[in-house]
Amino acid sequence: MTTKNQGLRRSMFFVVSGEGSSDLGTKDLDGSLKKGAMTFILDRLSELSCGQVPDYELQSESDVKQLRKLLNLRDTGPRGTDESKKESEKLWLNSYALAVYAKRKEERAGLVYFRDTDGTRAAPHDRWKRMVDAMYSGFKHADYKWGVAMVPRPKSEAWFLAYYQKNDGTHNAYDKCSRFEDMSGNDGSQNSCKSLLMRWCSCSGNVYQDVITEEEIKCIDWNHIDMPSLTIFRKRFENVITGLNGRSYPHPDCQYTRAS
Amino acid sequence: MITGIKVRNFKSLSDFSLLDLPPFSCLIGLNGSGKTTVLQLFDFIGQLMHGRGEMRGWNPTELITGGSRARTIHLTVSLLIDDKHLSWHGAFNVDKKRMENEQIRFDNGSELFKVEAGRTLVMQGENNPDRKDIAFLNYQGSLLSSLKISDPWILSVKNELASLKSFDLLSPASLRSASKKSNELGLGGDGLPGFLSQLDSEQSESLMNTLSQFYPRLQAFEIKRRQFGWKNLLIKEYQRTVQTGHINDGLLRILAILSQRYSSSGFLFFDEIENGINQEIVQKLVEQLQNFRDKQLMVTTHSAQVLNYLNDSAARKSVYLLYQDIEGLTHARKFYDIPAVSELLEFMGPGQAMSQTNLIELATQLCQKDDLPQNDDKKSGTEA
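Chains are numbered independently. Their residues run from 1 in the order of the written sequence. The order in which chains are written sets their letters, starting at A; the order in which ligands are written sets their numbers, starting at 1. The model is predicted, so local features are restricted to residues of pLDDT at least 70 and side-chain atom pairs to those at 80 or more, both for listing and for counting; the totals for chains, interfaces and linings are taken over all residues. Side-chain descriptors were evaluated using all non-hydrogen atoms of the structure, hydrogens and water having been removed beforehand.

### A word on the overall build of chain B
Turning to step 1, where the next piece is worked out: Secondary structure elements are defined from DSSP: runs of H or I of at least 4 residues count as helices, runs of E of at least 2 residues count as strands, and each element is numbered from the N terminus. A tally of helices and strands in chain B yields 12 helices and 17 strands.
Turning to step 2, where the next piece is worked out: With C-alpha atoms as the basis for the radius of gyration, the globule rule is written as 2.2 Å multiplied by the number of residues raised to the power 0.38. Over its C-alpha atoms chain B spans a radius of gyration of 22 Å, differing by no more than 12% from the 21 Å that the globule rule assigns to 384 residues.
Turning to step 3, where the next piece is worked out: Each principal axis of the C-alpha atoms in chain B carries an extent, and together these give about 65 × 60 × 40 Å.
Turning to step 4, where the next piece is worked out: For every residue, the accessible area obtained with a 1.4 Å probe (protein chains only) is divided by the maximum for its type, and the residue is called buried under 20%, exposed over 50%, and partly exposed between those limits. Relative to its full complement of 384 residues, chain B shows a buried share of 54%.
Turning to step 5, where the next piece is worked out: Contacts between residues were defined by any pair of non-hydrogen atoms, one from each residue, lying within 4.5 Å. Nonlocal contacts in chain B, meaning residues at least 24 apart in sequence, comprise 57% of its contacts between residues at least 6 apart.

### Considering the overall build of chain A
Turning to step 1, where the next piece is worked out: Along the backbone of chain A there are nine helices and six strands.
Turning to step 2, where the next piece is worked out: Here chain A holds 260 residues, and the buried ones make up 54% of them.

### Some words on helix 1 (residues 37–50) of chain A
All names here are of chain A.
Turning to step 1, where the next piece is worked out: Here the expected span of a helix is defined as 1.5 Å times the quantity of residues minus one. Between its first and last C-alpha atoms helix 1 spans 20 Å; for 14 residues at 1.5 Å apiece the expected length is 20 Å, and the two agree.
Turning to step 2, where the next piece is worked out: Buried residues dominate helix 1, accounting for 11 of its 14 residues.
Turning to step 3, where the next piece is worked out: Residues Ala-37, Met-38, Thr-39, Phe-40, Ile-41, Leu-42, Asp-43, Arg-44, Leu-45, Ser-46 and Cys-50 constitute the buried set of helix 1.
Turning to step 4, where the next piece is worked out: Just downstream of helix 1, Gly-51 is the residue with a positive phi angle, here 70 degrees.

### Some points on the interface of chain B and chain A
Turning to step 1, where the next piece is worked out: Taken together, the 20 residues of chain B in the interface contact 18 residues of chain A.
Turning to step 2, where the next piece is worked out: Summed over both partners, the accessible area lost on bringing two parts together, with a 1.4 Å probe, is the buried area. Carbon and sulfur atoms supply 47% of the area buried between chain B and chain A, which totals about 1700 Å² over both sides.
Turning to step 3, where the next piece is worked out: It is Phe-347, Gln-352 and Gln-356 of chain B that lose the most area in chain B upon contact with chain A, and together they represent 36% of the buried surface on that side.
Turning to step 4, where the next piece is worked out: By definition, a salt bridge exists where a carboxyl oxygen of Asp or Glu is found within 4 Å of a side-chain nitrogen of Lys or Arg. Counting across the interface, chain B meets chain A through two salt bridges.
Turning to step 5, where the next piece is worked out: Polar contacts, as used here, are pairs of N or O atoms within 3.5 Å; protein pairs need one atom able to donate a hydrogen and one able to accept it. Residues neighboring in sequence count only if both atoms are side-chain atoms. Where chain B touches chain A, the interface holds 11 residue pairs in polar contact (both at pLDDT 80 or more).
Turning to step 6, where the next piece is worked out: With five residues, the single largest contributor to the side of chain B that touches chain A is helix 10 (residues 339–347) of chain B.

### Side note on the domain arrangement of chain B
All names here are of chain B.
Turning to step 1, where the next piece is worked out: Each assigned domain of chain B is listed with its residue range as follows: domain 1 (1–165 + 270–369) and domain 2 (170–259).
Turning to step 2, where the next piece is worked out: Using C-alpha coordinates to define each centre, domain 1 is positioned 29 Å away from domain 2.
Turning to step 3, where the next piece is worked out: Residue-level contacts link 14 residues of domain 1 with 13 residues of domain 2.
Turning to step 4, where the next piece is worked out: Together, the buried faces of domain 1 and domain 2 total about 1200 Å²; carbon and sulfur atoms form 68% of this surface.
Turning to step 5, where the next piece is worked out: Taken together, domain 1 and domain 2 are joined by one salt bridge. Residue ranges for the domains trace back to a domain assignment, done automatically or taken from a database.

### Observations regarding the packing of aromatic side chains
Turning to step 1, where the next piece is worked out: Side-chain rings of Phe, Tyr and Trp (the six-membered ring for Trp) are treated as a pair once their centres are within 6.5 Å; stacked means planes under 30 degrees apart, edge-to-face means over 60, and tilted covers the remaining angles. All chains considered together, the criterion is met by 18 aromatic pairs over all chains.
Turning to step 2, where the next piece is worked out: Note on Phe-14 of chain A and Phe-237 of chain A: the rings are 5.4 Å apart at their centroids and 50 degrees apart in plane angle, and the pair reads as tilted. Remark: Phe-237 of chain A occurs in helix 9 (residues 228–244) and Phe-14 of chain A occurs in strand 1 (residues 13–18); sequence separation between them is 223 residues. One exposure class covers both Phe-14 of chain A and Phe-237 of chain A, and it is buried.
Turning to step 3, where the next piece is worked out: Ring centres of Phe-42 of chain B and Phe-267 of chain B lie 4.7 Å apart, and the angle between their planes is 10 degrees; this geometry places the pair in the stacked category.

### Topic: the environment of Asn-358 of chain B
Residues and elements named next belong to chain B.
Turning to step 1, where the next piece is worked out: Checked against the element boundaries, Asn-358 lands in the loop between helix 11 (350–355) and helix 12 (359–369).
Turning to step 2, where the next piece is worked out: Remark: the alpha-carbon pair of Asn-358 and Gln-260, spanning 98 residues in sequence, is separated by 34 Å.
Turning to step 3, where the next piece is worked out: Within the local environment of Asn-358, its side chain forms a polar contact with the backbone nitrogen of Ile-360, the two atoms lying 3.0 Å apart.
Turning to step 4, where the next piece is worked out: Of note is the side chain of Asn-358, whose polar atom sits 3.1 Å from the backbone nitrogen of Glu-361.

### Notes on the sheet that holds strand 14 (residues 267–270) of chain B
Residue and element names in this part refer to chain B.
Turning to step 1, where the next piece is worked out: The strand order across the open sheet formed by six strands is 10-14-15-3-16-17, and the pairing between neighbours is mixed. The open sheet has two free edges, formed respectively by strand 10 (164–167) and strand 17 (330–334), since each of these has just one partner strand. Direction aside, neighbouring strands of the sheet carry axes that sit 20 degrees apart on average.
Turning to step 2, where the next piece is worked out: Bridging between strand 10 and strand 14 involves four bridges; their strand directions are parallel. Note on strand 14: the bridge partner recorded for Ser-166 is Phe-269.
Turning to step 3, where the next piece is worked out: For every element, the axis is a line fit to its C-alpha atoms; helices are fit only across the contacting stretch, and the angle between N-to-C directions ranges from 0 to 180 degrees. This element, helix 1 (residues 35–49), spans strand 3 (24–28), strand 10, strand 14, strand 15 (296–300) and strand 16 (319–324) of the sheet and lies at about 140 degrees to strand 10. At least two bridges found by DSSP between two strands is the condition for calling them paired.

### Notes on empty space enclosed by the protein
Turning to step 1, where the next piece is worked out: Points on a 1 Å grid over protein atoms alone make up a cavity when a 1.4 Å probe fits among them but cannot get out, and a pocket when they form an open set with protein on both sides within 12 Å along at least five of seven lines; lining residues each have an atom within 4 Å of a point. Grid points are joined across faces, edges and corners, and a volume is the space filled by probe spheres set on the points. This structure, assessed with the given rule, holds two cavities of 30 Å³ or more.
Turning to step 2, where the next piece is worked out: Approximately 70 Å³ is the volume attributed to the largest cavity.
Turning to step 3, where the next piece is worked out: Contributing to the lining of the largest cavity are Phe-167, Asp-168, Leu-169, Leu-170, Arg-253, Ile-257, Phe-270, Asp-271, Glu-272, Ile-273 and Asn-275 of chain B.
Turning to step 4, where the next piece is worked out: Polar here means any residue outside two lists: the nonpolar Ala, Val, Leu, Ile, Met, Phe, Trp, Tyr, Cys and Pro, and the charged Asp, Glu, Lys and Arg; Gly therefore counts as polar. Looking at the lining of the largest cavity residue by residue, the classes come out as six nonpolar, one polar and four charged.
Turning to step 5, where the next piece is worked out: Space inside the second largest cavity adds up to approximately 40 Å³.
Turning to step 6, where the next piece is worked out: Every residue along the wall of the second largest cavity is listed here: Trp-128, Val-132, Tyr-136, Ala-149, Val-151, Ser-229, Ile-232 and Phe-233 of chain A.
Turning to step 7, where the next piece is worked out: Only helix 4 (124–141) and helix 9 of chain A provide two or more residues apiece to the lining of the second largest cavity.
Turning to step 8, where the next piece is worked out: A breakdown of the residues in the lining of the second largest cavity according to their chemical character gives seven nonpolar, one polar and no charged.

### A short note on the layout of surface pockets
All names here are of chain B.
Turning to step 1, where the next piece is worked out: Volume-wise, the second largest pocket comes out at about 350 Å³.
Turning to step 2, where the next piece is worked out: If you trace the second largest pocket, you find 19 residues lining it, with Gln-47, His-50, Leu-164, Lys-165 and Glu-184 closest to the centre.
Turning to step 3, where the next piece is worked out: If you list the elements that add at least two residues to the lining of the second largest pocket, you get helix 1 and strand 10.
Turning to step 4, where the next piece is worked out: Mapping the lining of the second largest pocket onto the domain boundaries places at least three of its residues in each of domain 1 (1–165 + 270–369) and domain 2 (170–259).

And the structure:
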């Protein structure tokens, strides 16, 4: 899936980073971004918000590792770090490194840092909150104000379940969709978000390549999906988009994004 | 237990306090921030209670804050003894080398002991205060060191303060040196063989057991008795005897530190605790330090790893940042109570949080916040 969107003005610039290739996309041979489903969501929200689609630069996980090395941020930190903090420490350091990079890259560069919450069904909200807080704390420490944490709970597939539940026959699109945030993020589980989405999309392969195309994503009413992890991300992203365009924020920054 | 200390006019500690001290505390800060001066302050108070009006061969006038015309060092130590809060405070005259004014009282204000202008001693009797003329007494340090004390509270305060013991950076050369029997270790660790020689068999065995957790190959330490009471340290590992000169520095330091569990001091202060210690055993060391029998410990460190082995709650309680204003005066804050650092601690270990904090910028911001003299040219980047 390569980017199209001909006819739209491209003046905004975002650094994007995250794990896995199917969500944000991959780097083409020339280093440009071959967009994935999450980037198409960014395109769509941006288009609706200000009629523009940003340019992107993907910072892969190995790029971020390199950035951290350049900034002398040790990979594992000093020994002795409590196991329970290893994830948030890594996210904080990555967010900080990415924010420093984005600031140096362009004066008004946005940054979207994507991560699935993953994990089991146990305390998904706590884990999600900790991840989001760590990201915004890292942005803040770099004195950077255009950072956006994109952290679906439990995984990006959950956001699409909100729409594709219409294929189930018993629900309409967008019905009570916050319940999907409590599902297991473990792909090995029988009732995982991923397996349910594949079932509802009648897809046995890669659902993001085969079914959820750029055109499909444009059909989804993102404002209609009432899932906290999506709403908080969306509002923050819309704030950053409008802020980068020199306009005032359309939404009050919520508690998770107060840092920025 | 010492719960707080306040001082005026002692070297860079012009108006300085460390409050809410827990049984284990840790001082961090840049080089030259005043950590060693705090160590010297504790040493100084200990010396006063032994009737010494000077320390380390320094002229007491050198102890006065640079640039100050004051001739008096004001000291207050808060103590918790048998669930009672008491304080000792007074004024040390650097010319007379003694505490001219001195007072011990309970936190409800009731006074137990008072020295007025080096001339009058007031002891609280059963009903009325007992006043005595002491103008004829020629004492140095604290008057408490010269009196025969029967009141258990006054005696406890005196003993607590007299048992403050500070160590400079433990020096391998000093630790290796032969010594005579001694019930205390010197400032740099000299006298280790002599100190070890006076431990009883139970203490030696217990020390060896703890030491073997650090160095499993170690089988025993031994004291070789030489002529005229001199003693040398030997260790045994794998049936091999290692002479003092060949014992590794780390082992010597660990041995010296752990041996102080059996010293008579109630409060021990170690400088740069991580020095010469392999990172593989830092965790064990930090565990030991936090549970040092019935003793209170204060250490200084530059090591993120040492801090990382404290849990969050211990880190918040026990780690103090020392920093200086532009006039070179030292101030202290609980490090993890500083909002910007507290936020970092939510997401990372205490050591990593220190690593991610620019201590120079932070010091500038703290000075700004407290309206202390600071360098205006320094840009601040973190919200303190």
